[in-house]
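Observations on chain architecture
The primary structure of each chain is shown beneath.
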Amino acid sequence: AQTVTQSQPEMSVQEAETVTLSCTYDTSESNYYLFWYKQPPSRQMILVIRQEAYKQQNATENRFSVNFQKAAKSFSLKISDSQLGDTAMYFCALSPLYGGSQGNLIFGKGTKLSVKP
Amino acid sequence: ETGVTQTPRHLVMGMTNKKSLKCEQHLGHNAMYWYKQSAKKPLELMFVYNFKEQTENNSVPSRFSPECPNSSHLFLHLHTLQPEDSALYLCASSQGGGSYNEQFFGPGTRLTVL
């Protein structure tokens, strides 16, 4: 079975500081994609960043970057210069390229991030 | 309307009622999904449709019945639900069912079963 684990149910950070959200996963597949999705309070879930497992270079999107450690099956999200609008639930997700679950998203339980002024 | 829309946004129903959730995507996508989001649990994939064909039924009880009449519309028909079915039901769509494709989510329907 493929699983995604987010060990931090809640985190908080001061505005303008940096925070890192943890994610570990388990899969027997060698090729897959990893995602971070953001769900703001009472708003729609949106994609923050994605990483292709066969690429060693860590993905970055403006203030968001990941630390992808394939051997350790770790995929953490770093948010730099945190803003009040970053307050949200953050979900880590895995999508295998092959097999019966190809294309499906397997989610973690989420981390609730609060950015404080 | 843009993106993925869902109606109704809130629904309260008794255990003997029959109701339907509607999802519509305005993105020209070919794949659509139903998820169940419960507190303190990971999002659970329920159904996947690719080009109107159901490609995934994730061991969902038969009291949930999906329908995909075309690539833009997805329904979830509900009957004789249980209180534990109370949750946020999210619809999503993507351009094809491949792993790379970003899924776009709707705002969800908050379902309460009394």
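What this report covers is the structure whose coordinates are included nearby. (Residues numbered from 1 in each chain as written. Chains lettered and ligands numbered in written order. Predicted model: local features only at pLDDT ≥ 70, side-chain atom pairs only at ≥ 80, totals over all residues. Heavy atoms only, no water.)

1. Observations concerning the interface of chain A and chain B
- Taken together, the contact pairs 21 residues of chain A with 23 residues of chain B.
- Each partner contributes to the roughly 1700 Å² buried at the junction of chain A and chain B, and carbon and sulfur atoms together form 51% of this total.
- One can count zero salt bridges joining chain A with chain B.
- Secondary-structure elements contributing two or more residues to the side of chain A that touches chain B are strand S5 (32-39), strand S6 (46-52) and strand S10 (88-96) of chain A.
- If one sorts the elements of the side of chain A that touches chain B by residue count, S5 of chain A sits on top with four residues.
- Residues that form the side of chain A that touches chain B fall into these classes: ten nonpolar, eight polar and three charged. (Contact = heavy atoms within 4.5 Å. Buried area = accessible area lost by both parts, 1.4 Å probe. Salt bridge = Lys/Arg side-chain N within 4 Å of Asp/Glu carboxyl O. Helix = DSSP H or I, 4+ residues; strand = E, 2+ residues; numbered from the N terminus. Nonpolar A, V, L, I, M, F, W, Y, C, P; charged D, E, K, R; others polar.)

2. Description of unusual backbone geometry
- A cis amide bond, omega -10°, links Thr7 of chain B with the succeeding residue Pro8 of chain B.
- One non-glycine residue with positive phi stands out, namely Ser42 of chain A, at about 60°.
- Within the element layout of this structure, Ser42 of chain A appears in the loop between S5 and S6.
- Residue class for Ser42 of chain A comes out exposed when judged on its relative accessible area of 76%. (Buried < 20%, exposed > 50% of the residue type's maximum accessible area, 1.4 Å probe, protein only.)

3. Quick look at the pattern of salt bridges
- Within the structure shown, the criterion is met by five salt bridges over all chains.
- A salt bridge links Asp26 of chain A to Lys73 of chain A; its shortest N-O distance comes to 3.4 Å. In this pair, Asp26 of chain A sits in strand S4 (residues 24-26) while Lys73 of chain A sits in the loop between strand S8 (64-69) and strand S9 (74-79), placing the two residues 47 residues apart along the sequence.
- What makes Asp26 of chain A partly exposed here is its relative accessible area of 36%.
- Close ionic contact of Asp85 of chain B with Arg63 of chain B constitutes a salt bridge, the shortest N to O distance being 2.7 Å. Pair noted here: Asp85 of chain B is in the loop between strand S8 (73-79) and strand S9 (87-94) and Arg63 of chain B is in the loop between strand S6 (53-57) and strand S7 (64-70), with a separation of 22 residues, a long-range link.

4. A short note on the sheet that holds strand S1 (residues 4-7) of chain B
Residue and element names in this part refer to chain B.
- Taken together, the four strands give an open sheet; going across it, the order is S1-S3-S8-S7, and neighbouring strands pair in antiparallel fashion. If you trace the sheet from one side to the other, it starts and ends with S1 and S7, each paired once. When the angles between neighbouring strand axes are averaged without regard to direction, this sheet yields 20°.
- As paired elements, S7 and S8 share five bridges and run antiparallel to each other. Counterpart to Pro66 in the pairing with S8 is Leu76. (Pairing = 2+ DSSP bridges. Axes fitted to C-alpha atoms, helices over the stretch in contact; angles between N-to-C directions.)

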